[in-house]
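Here's the letter readout for the chains.
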Amino acid sequence: MQLKPINQQVVAVVGASSGIGRETALQFAKRGAKVIVSARGEEKLKSLVEEIRGFGGEATHIVADVQVFEQVRAIADRAVEVYGRLDTWAHVAAIGIFATFDNIAPEEFKHVIDVNLMGQVYGAMAALPHLKREGRGALIHVSSMEGRRSLPYQSAYSSAKHGVEGFLEAMRVELLHEKWPISVTSIKPAVINTPFWNNGLTKLGVKPAGIPPYYDPRIVADAILYAAEHPIRDLLVGDVAKLLDLAQKISPSLVDSLLLLIGFNLQRSDEPKSEVAPNNFYQSVREDDRIDGDYQNLVIPSISDSLGKLPLFQWGTIATGALLALLAAQVLKHNG
């Protein structure tokens, strides 16, 4: 299976108004791709297109809510209308709610599924006919390490990401069976310093936080661009994502113990925030078009990602083994 060089591609980036999606769109455009950017917030999309055109890139925006299939399909159709084809679909859009499971209303849980799972399903459904028409292409879906291991306070988000992994696996095998040269990649980041933590709906009484360390959103964009040129099944981004994946395979109960130790207090910042404070759960936060979030002081480099995207480095680094041993020792010590 061979994918086009990025500078010959037409790329749709869904969820492009801030964070990982915005950085991804900028990087595609800087590498010479023609870019269709989409999200709910038109002003943020306009500023992104202006930024891309400012350095000589080509970009067009379209407002879409990913929980509405017709609006998602319009993104793919717009790419074909403006640039004649679609080569890569990069789906990043997601929302979050931070609360214990029994404090989430049924309609809130469903809304997360509609956006974070069904939005991704709709994206693949919208893009696939165009990729088949071209005879090749890439479907790149940003999932999460929570697609492998769920976290407390994030039951709805974790459920959606597990669902993303399920439909991607089935679709990938179907495409292989039908001999379509279409790459299907799941990107599974660790905790990334984006505005996701600022903009989620919280019922914790405080602004939510990720379990540190955090990683730079640019390494996720790098992984997406890599997958646009290199057919690859999975990319775990951030050393801790690889560590957590390995630990979950070895001993889920060990991960349970670890999360009991650190998974609750570390997801709560010291900054008070009410449930009715501005958030992007139902509508875009108009003024927030940043790439980076508020936890820059907790961002660290990722050793395994700096080594490259080859499968050899997806989990088997010395750093990952050392971290696993350290975390296991901490949990065993805590349990007496």
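Scroll up to find the structure.
From a predicted model like this one, the values you see are computed outputs, not experimental measurements.

Caption draft 1: Structural detail: the overall build of the protein. When its secondary structure is counted, the protein shows 11 helices and 11 strands. Rg of the C-alpha trace for the protein: 19 Å, near the compact-globule value of 20 Å for 336 residues, within the 12% margin. Each principal axis of the C-alpha distribution contributes one length, and for the protein these read about 65 × 45 × 35 Å. When the accessible surface of the protein is totalled, it reaches about 14,100 Å², and 56% of it is carbon and sulfur. Seen as two clouds, the 34 positive and the 37 negative side-chain charges of the protein have centres 4 Å apart.

Caption draft 2: Seen up close, the packing of aromatic side chains. Taken as a whole, this structure holds 10 aromatic pairs when the rule is applied. Here Phe 101 and Phe 109 contribute two aromatic rings whose centre-to-centre distance is 6.0 Å and whose plane-to-plane angle is 85°, an arrangement assigned as edge-to-face. Using a relative accessible area of 59% as the deciding quantity, one classes Phe 101 as exposed. Aromatic side chains Tyr 214 and Tyr 295 sit 4.9 Å apart centroid to centroid with 15° between the ring planes, which places their arrangement in the stacked category. Taken together, the positions of Tyr 214 in the loop between strand S9 (206-208) and helix H7 (217-229) and Tyr 295 in the loop between strand S11 (268-272) and helix H10 (303-307) put the pair 81 residues apart, joining distant regions of the chain. An aromatic cluster is defined as three or more aromatic residues linked by ring pairs; in this entry it consists of Phe 98, Tyr 157, Phe 196, Trp 197, Tyr 214 and Tyr 295. Taking the ring centre of Phe 55 as reference, the NZ or CZ of Lys 30 above it sits at 5.7 Å.

Caption draft 3: Up close: the packing of helix H4 (residues 106-134) against helix H5 (residues 155-177). Two elements in contact, H4 and H5, have axes separated by 8 Å at closest approach and are oriented at 20°. Between H4 and H5, the interaxial angle falls into the category roughly parallel. As for how H4 packs across H5, the hand of that crossing is right-handed. Contacts from Phe 109, Val 112, Ile 113, Asn 116, Leu 117, Gln 120, Val 121, Ala 124, Leu 128 and Lys 132 in H4 reach Ser 155, Ala 156, Tyr 157, Ser 159, Ala 160, Lys 161, Gly 163, Val 164, Phe 167, Met 171 and Leu 175 in H5. The class makeup of the residues in the contact of H4 with H5 is 14 nonpolar, five polar and two charged.

Caption draft 4: Local environment of the environment of Phe 98. Position of Phe 98 relative to the elements: it lies in strand S5 (residues 97-98). Here the alpha-carbon distance between Phe 98 and Glu 275, two residues 177 residues apart in the chain, equals 9.9 Å.

Caption draft 5: Quick peek at unusual backbone geometry. Following Pro 212, the chain continues into Pro 213 via a peptide bond in cis, with omega recorded as 10°. Among the secondary structure elements, Pro 213 is positioned in the loop between S9 and H7. One non-glycine residue with positive phi stands out, namely Tyr 153, at about 70°. Here Tyr 153 lies in the loop between strand S6 (137-142) and H5. Its relative accessible area of 11% is what places Tyr 153 among the buried residues. The backbone phi angle of Lys 179 is positive, close to 60°, even though this residue is not glycine. As for its position among the elements, Lys 179 is in the loop between H5 and strand S7 (182-189).

Criteria and thresholds
Numbers given for residues are sequential positions, taken from 1 along each chain in its written order. Where totals are concerned, whole chains, interfaces and linings use all residues; where local detail is concerned, this predicted model gives features only for residues with pLDDT of at least 70, and gives and counts side-chain atom pairs only at 80 or more. Hydrogens and water molecules were not included; the side-chain quantities draw on all heavy atoms of the structure. By the criteria applied, helices consist of DSSP H or I runs no shorter than four residues and strands consist of E runs no shorter than two, each listed in order from the N terminus. It is over C-alpha atoms that the radius of gyration is taken, and the globule rule equals 2.2 Å times the number of residues to the power 0.38. Residue-level accessible areas treat just the shown protein chains as cover; the underlying method is Shrake-Rupley with a 1.4 Å probe. His is not counted, nor are the chain ends; Lys and Arg add positive charge and Asp and Glu add negative charge. A charge is said to be at NZ when it belongs to Lys, at CZ for Arg, at CG for Asp and at CD for Glu. The criterion for an aromatic pair is that two Phe, Tyr or Trp rings (for Trp, the six-membered ring) have centres within 6.5 Å, with stacked assigned to planes under 30 degrees apart, edge-to-face to planes over 60 apart and tilted to the rest. Accessibility here uses a 1.4 Å probe with only protein chains present; expressed as a share of the type maximum, an area under 20% marks a residue as buried, one over 50% as exposed, and anything in between as partly exposed. The criterion is that NZ of a Lys, or CZ of an Arg, lies within 6 Å of the ring centre and within 35 degrees of the ring normal, and then a charge sits over that ring. For helices, the fitted line uses only the C-alpha atoms of the stretch in contact; every axis is such a line through C-alpha atoms, and the angle between N-to-C directions lies from 0 to 180 degrees. Here is the rule for angles: anything less than 35 degrees is roughly parallel, anything more than 145 is roughly antiparallel, 65 through 115 is roughly perpendicular, and the remaining ranges are oblique. Definitions for this section: a left-handed crossing has its near helix turned counterclockwise from the far helix by less than a right angle. A right-handed crossing has that turn clockwise. Working rule for contacts: check all heavy atoms of both residues, and any pair within 4.5 Å makes them a contact. In this count, Pro and Cys sit with the nonpolar residues alongside Ala, Val, Leu, Ile, Met, Phe, Trp and Tyr, while Asp, Glu, Lys and Arg are called charged and the others, Gly among them, polar.

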